[in-house]
Amino acid sequence: MLPLEDSFNFDFNERSLEGRVVLVAGATGGLGSATAALLAREGAALVAGYLGERERAKTLKQALEARYKTTVCLVEGDIADPAVRARYVATADAIREGLYGLVCFTGDPARVKFEEVTDADLHDSLQKNYVSPLLLAREAAARMKQRGIEGSIVLLSTMQAVAAFESSINYAAPKTALIQAARIMAKQYGGPGGIRVNVVAPGVNRAGMALKSIESGKYDFYVEQGIIPRFGRPEDVARVVRLLLEPDNYITGQVITVDGGLTLRRDRG
């Protein structure tokens, strides 16, 4: 029998992402930049994918490299383009020991009333919120498997995909499909030495378009009625992503809803 003091000797890794190459698609957004910052602080080598916001991307790179003494490589382009997806993955896989992790924050809230939505609107939402992230994940997984890397993929959904919110069909439906696709990929790519695939579903966060809605007072009801203790912050999502990326993590095929309990209690008022 072990001495009593040895029975409390637990193995908690520190900076387990140090030196790992992580591709963050959508890194210049509120959630993406917070996650990139946390991963950089953990010592990860980052490839930051972005669409159009070149100056913001350059500023992010400079800030993270100066603050955390890590490497940030920028890649520009729309992941709806197969050539861009290939470039994202190839860029990350050419660094150090190759691509270890993918975090995909890309998408579009698709805020069109269902009564007014057109075929084109639905196809556009499906492309941005389901097809493009899914195919980027497939590209990343193929490269990881080719190298024999035990990697991790984290995709972004929404609380609207795990609970029924009025007027959210054209956004929630593709994000719901993405959750199911992630579960299938987790099963298909998993096992010893395989790839873990998980999904984060944020609630009302102080980031992106939701920030404007918060500032307008649209969601004050949720806090005033005690449905949630506060609005979400980008850091809340970043911490969950870090957990899911950590090597030897025991979580796969799951969706973690980061919403302060909003989907549990939203109809209470």
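Provided above is the structure to which this section pertains.
An account of the accompanying structure is given in this report. (Residues numbered from 1 in each chain as written. Predicted model: local features only at pLDDT ≥ 70, side-chain atom pairs only at ≥ 80, totals over all residues. Heavy atoms only, no water.)

1. What to know about the side chain of Asp236
1) Next: Within the element layout of this structure, Asp236 appears in helix H8 (residues 234–245).
2) Next: Looking at Asp236, its side chain comes within polar contact range of the side chain of Arg230, at 2.9 Å. (Helix = DSSP H or I, 4+ residues; strand = E, 2+ residues; numbered from the N terminus. Polar contact = N/O pair within 3.5 Å; in protein donor to acceptor, adjacent residues only side chain to side chain.)

2. A closer look at unusual backbone geometry
Where the residue is not glycine, phi is negative for most of them; where a peptide bond is considered, it is trans in most cases.
1) Next: The backbone of Arg15 sits at a positive phi, close to 50°, despite the residue not being glycine.
2) Next: With respect to the helices, strands and loops of the structure, Arg15 is situated in the segment before strand E1 (21–25).
3) Next: In this structure, Arg96 is a non-glycine residue whose phi angle is positive, near 50°.
4) Next: Within the element layout of this structure, Arg96 appears in the loop between helix H3 (82–93) and strand E4 (99–104).

3. Quick look at the nonpolar core
1) Next: Val22, Leu46, Ile153 and Leu155 are the most contacted members of the largest nonpolar core, which has 63 residues in total.
2) Next: Take this core: its biggest share by element is 7 residues, from helix H5 (residues 169–189).
3) Next: Not counting chain neighbours up to four residues away, the residues in contact with Leu155 comprise Cys104, Pro133, Ala137, Leu178, Ala182, Met185, Asn198, Val199 and Val200.
4) Next: Core analysis: the next-biggest nonpolar cluster, separate from the first, contains 11 residues, Ala163, Ile214, Tyr222 and Phe231 among them. (Core = buried A, V, L, I, M, F, W, Y, C linked by side-chain atoms within 4.5 Å. Buried < 20%, exposed > 50% of the residue type's maximum accessible area, 1.4 Å probe, protein only. Contact = heavy atoms within 4.5 Å.)

4. Here we look at the environment of Ala48
1) Next: Residue placement: Ala48 occurs in strand E2 (residues 45–50).
2) Next: A relative accessible area of 5% places Ala48 in the buried class.
3) Next: A sequence separation of 25 residues divides Ala48 from Cys73, and the C-alpha atoms of the two residues are 6.0 Å apart.
4) Next: The residues touching Ala48, leaving out its near neighbours within four places in the chain, are Val24, Ala27, Val72, Cys73, Leu74 and Val75.

5. Side note on the pairing of strand E3 (residues 72–76)
1) Next: Judged from the 5 bridges that link them, E2 and E3 form a sheet pairing that is parallel. Residue pairing across strands places Leu46 opposite Val72, the latter belonging to E3.
2) Next: Crossover handedness for the path E2 to helix H2 (residues 54–68) to E3: right-handed. (Pairing = 2+ DSSP bridges. Right-handed = clockwise from strand over helix to strand, strands pointing away.)

6. Concerning the pattern of salt bridges
1) Next: Inspection of the entire model under this criterion finds 11 salt bridges.
2) Next: In this structure, the salt-bridge partner of Arg15 is Glu18, at a minimum N-O distance of 3.1 Å.
3) Next: By relative accessible area, which is 39% here, Arg15 ends up partly exposed.
4) Next: Ionic pairing is found between Lys128 and Asp108, a salt bridge with its closest N-O pair at 3.6 Å. Placement of the pair is Lys128 in helix H4 (residues 119–147) and Asp108 in the loop between E4 and H4, with a sequence separation of 20 residues.
5) Next: A single network of salt bridges, built from pairs that share partners, joins Asp93, Arg143 and Arg147. (Salt bridge = Lys/Arg side-chain N within 4 Å of Asp/Glu carboxyl O.)

7. A closer look at the sheet that holds strand E6 (residues 196–202)
1) Next: Here 7 strands make up an open sheet; going across it, the order is E3-E2-E1-E4-E5-E6-E7 and the pairing parallel. Since the sheet does not close on itself, it has two edges, and those belong to E3 and strand E7 (255–258), each with one partner. When strand polarity is set aside, the average angle formed by the axes of neighbouring strands in this sheet is 20°.
2) Next: Direction of pairing for E1 relative to E2: parallel, over a ladder of 5 bridges. Of the residues in E2, the one forming a bridge with Leu23 is Val47.
3) Next: Relative to E3, H2 is tilted by about 170°, and along the sheet it contacts E2 and E3. (Axes fitted to C-alpha atoms, helices over the stretch in contact; angles between N-to-C directions.)

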